[in-house]
Amino acid sequence: MVFIDTAEHFRGVKGLHLFHFSGSNCSQKVRIYLEEKGLDWVSHHVDLKKGENCTDDFVQINPKGLVPVLIHDGVTVTESNDIMEYLEEKFPDPPLQPKTGSERESTKKWLKLVADVQRPIKYLTFKFLFGKLGSKNEESLQKLSQKLADRDLFEFYTSQKEGFPQEIILEKIEMTHGALQQLEERLSDNQWIDGDVFSIADIAVVVNVHRYKLMNFPMAKYPHVLEWYKRMRTRRSFQRGILEYEGMLQTTVFPLLNSIDSFLGYGVQAYEWRVQPSWTKPIVALFLLLISYFFLSNGVNFLGLSVSQPIILGLLVVVLYSTFKSAYLKAHTPALHSYQSALKSMKAVVAVDYRGKESMKIDLQHPQPQAVCPDDVIIKVKAASVNPIDLRMRSGYGRVMLGVIRRKSKIPSGGGKEFPMILGRDCSGVIAAVGSGVKKFKVGDEVWAAVHFKQTKGTMAEYVVAKESEVAKKPQNISHVEAASIPYVALTTWSALVNVGKLGPESCQDKRVLIHAGTGGIGTFAIQLVKAWGGHVTTTCATDGVSLVTSLGADEVIDYKTENYETKLAGQSKFDVVYDTLGPSFQQGSLNLLKKGGVMASIMPTIMLYTDQSGLLLGAIRSLTGLARIVLPQRILHGRTFKWAFFNPSGVVLETVTELVEQGKIKPVVEKTFSMADADLAFSHVEEGHSRGKTVVAIDN
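Residues numbered from 1 in each chain as written. Predicted model: local features only at pLDDT ≥ 70, side-chain atom pairs only at ≥ 80, totals over all residues. Heavy atoms only, no water.

Q: Before we move on, can you summarise the packing of helix α1 (residues 25-37) against helix α9 (residues 200-214) with the specific residues and values?
A: At a minimum axis separation of 9 Å, α1 and α9 run at an interaxial angle of 140°. In terms of their interaxial angle, α1 and α9 are classed as oblique. α9 is crossed by α1, and the crossing has right-handed handedness. Within the contact between the two elements, α1 uses Asn 25, Gln 28, Lys 29, Ile 32, Tyr 33 and Glu 36 and α9 uses Ile 200, Ile 203, Ala 204, Val 206, Val 207, Asn 208 and Arg 211. Taken together, the residues of the contact of α1 with α9 break down into seven nonpolar, three polar and three charged. (Axes fitted to C-alpha atoms, helices over the stretch in contact; angles between N-to-C directions. Helix = DSSP H or I, 4+ residues; strand = E, 2+ residues; numbered from the N terminus. Parallel < 35°, antiparallel > 145°, perpendicular 65-115°, else oblique. Left-handed = near helix turned anticlockwise from the far one by under 90°. Contact = heavy atoms within 4.5 Å. Nonpolar A, V, L, I, M, F, W, Y, C, P; charged D, E, K, R; others polar.)

Here's what the structure looks like:
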């Protein structure tokens, strides 16, 4: 508890005297506390806007120049938490602090949290609430420098005058979200912060939440906090300790200015989204519209063509609407695809360049992802699988095409901006945080997911950010390691067999399907999916894989070590669907096995490879020309369809797969599991080829 020498002219004063400022949240805490205690006290208002905290009289009371200060019967106490503790000791009824040890520890935790966010809330207040109204002129700064013993306040106002650095404000926003998340979790099961009893913790926290509301801080994802805040506002102490001290500035001006800032894209939410709004075009369009209305009543003649005023006005209205809509959308759309923490780090398996296995390392201090966008879901990863695409991507596969897609999606790419790139496409884990617009999931849900190729922050890390649409509840009957083996291969296969091959629960019965490489991750899933829907499966594999694919339900197995699949199948019934997992060298032979009207779905498109080799334009032409050489003859001469199939993340598809797994129709096939420290060995194992199911990395989390 902080006691200081009482100023000489107050040493003999009796009673409670509070030196406070109406808008100071620390002063608000103490005023609420005094009201809850029902104590009589003498008010000494110190107007910080006028610099009264720097006067000789006040500096004698508190050399730091800070409010509130309590003087009780000649004893001077500073710091709001210390003042409340002092009042509890001197005036124990009604009790506002728990008596038992465990409860007191809980209260101390919340008081510490409030103390920890005091500096962040100060920065945010002056950035988003007071703005230039809170700035100090040179004379005021000079007075602060000369009068106050503590340089901290002077340096703060100097920093504000110069403009707070963006990274500092983003850090303070993140710290505030962290505190609110803790509060949300606490209030989800309790009426008050300390449980069923109103206490000092509620008083200490509510003034901060009130300040967040004034500055229009984004709080939609904290519903329990908002409900608790509504209850707090109805208390007489809140009304007398805060609301009665608020004038038109707090009740009208600040809310109006914050609403305007939020609309224009200058509020807290837009700042967090890194939005850079621009209203120049709609302002110019509005200016031209007004000029036309007042000064072009007779229209204009241009190159002998007469244009009337109504036509001019109509065109300008269209331009104004278009430019206004574009500016508004820019001001209300996140500027990035995903966001990283400035405070928290994690372990991640990354590639630092495109040198293949030489580029891999374990990054022990990689920034954690944040749930900033409304549809963001943060997953605490328990396990992630290794897919052949991960090996290719760490060597630069698809970097040209993906670079274009990433830049369009506001993901840094090109010139090394994508590094360090976290590897991994799919995972299983637990929801750690959600964006304000997420409805399907809550913190603690067990989920699985796969993320898009364009995302440079993959799943082989302690945390990953995904979109709500990419996530589904994990099957309850399998472990996280088993679950991690499925999402990528399931979604790739779904694209091939369902979207391209038009198979499904109702349309697969008795259909003949040829699946190449049946023992790999893709193959083991595809066999089970077709069999679950009543189809007939023929697959290829090596001798030592025959028993595996047979156990998964394959009707006919061709051992490519001892038999040629084309020769073996030439005299049999043609196939309805061929699933090509191996590429061009197997395509023509497989096409010959298709019936008229049959479909070959290939997950080995050439467009990524060719654009890497020849550039975007020439590579695309080369790839599409090669595709046409296959598609057109097959379609025209044989009535067959050849299409590429592309992996596409989908929570809806994973929901269906969850049902199939829980029904026992699809079982995970995990060949080997490695620790995160041995991720390089996991990649080497997959690189060797001839997998028997999936390889999974268990994340140390």
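Q: I'd like a description of the sheet that holds strand β11 (residues 421-422), backed by residues and values.
A: One open sheet accounts for three strands, arranged β9-β8-β11; its pairing is antiparallel. The open sheet has two edge strands with one neighbour each: β9 (360-370) and β11. Helix-sheet contacts for helix α8 (residues 166-187) involve β8 (339-351) and β9, and the interaxial angle to β8 is about 90°. (Pairing = 2+ DSSP bridges.)

Q: Just give me the short version of the layout of surface pockets, but keep the residues and values in it.
A: Estimated volume of the second largest pocket: approximately 1,100 Å³. Taken together, 47 residues form the lining of the second largest pocket, with Pro 388, Arg 392, Thr 581, Leu 582 and Met 604 sitting closest to its centre. Elements represented by at least two residues in the lining of the second largest pocket include exactly α16 (388-394), α19 (487-500), α20 (521-532), β17 (536-541), α24 (607-614), α27 (679-687) and β23 (694-698). Among the elements that take part in the lining of the second largest pocket, α16 stands out by supplying four residues, more than any other. (1 Å grid on protein atoms, 1.4 Å probe; cavity = no way out; pocket = protein on both sides within 12 Å on 5 of 7 lines; lining within 4 Å. Points joined across faces, edges and corners; volume = space filled by probe spheres on them.)

Q: Can you lay out the side chain of Ser 341 for me, pointing to particular residues and giving the numbers?
A: When you line up the elements, Ser 341 lands in strand β8. Overall, Ser 341 belongs to the buried group, its relative accessible area being 10%. Here Lys 344 takes part through its backbone nitrogen, which lies 2.8 Å from a polar atom of the side chain of Ser 341. Sequence-distant contacts of Ser 341, defined by excluding residues within four places in its chain, comprise Glu 174, Pro 367, Gln 368 and Gln 370. (Buried < 20%, exposed > 50% of the residue type's maximum accessible area, 1.4 Å probe, protein only. Polar contact = N/O pair within 3.5 Å; in protein donor to acceptor, adjacent residues only side chain to side chain.)

Q: Go over the pairing of strand β16 (residues 512-515), please, and point to the residues and values.
A: Judged by which residues are buried, β16 turns out to be covered on both faces: Arg 512 and Leu 514 on one side and Val 513 and Ile 515 on the other are all buried. Once the chain exits β16 it traverses α20 before rejoining the sheet at β17, and the crossover so formed is right-handed. Here β16 runs beside strand β19 (residues 575-580); their pairing, made up of three bridges, is parallel. Counterpart to Leu 514 in the pairing with β19 is Val 578. (Right-handed = clockwise from strand over helix to strand, strands pointing away.)

Q: So what's going on with unusual backbone geometry? Residues and values would help.
A: Going from Val 67 to Pro 68, the amide bond is cis rather than trans, its omega being 5°. Structurally, Pro 68 is set in the loop between α2 (56-61) and β4 (69-72). Following Phe 419, the chain continues into Pro 420 via a peptide bond in cis, with omega recorded as -5°. Position of Pro 420 relative to the elements: it lies in the loop between α17 (399-408) and β11. Of note, the phi angle at Asp 73 is positive, near 50°, even though the residue is not glycine. Inspection of the secondary structure assignment puts Asp 73 in the loop between β4 and β5 (75-78). For Asp 73, a relative accessible area of 37% translates into the label partly exposed.

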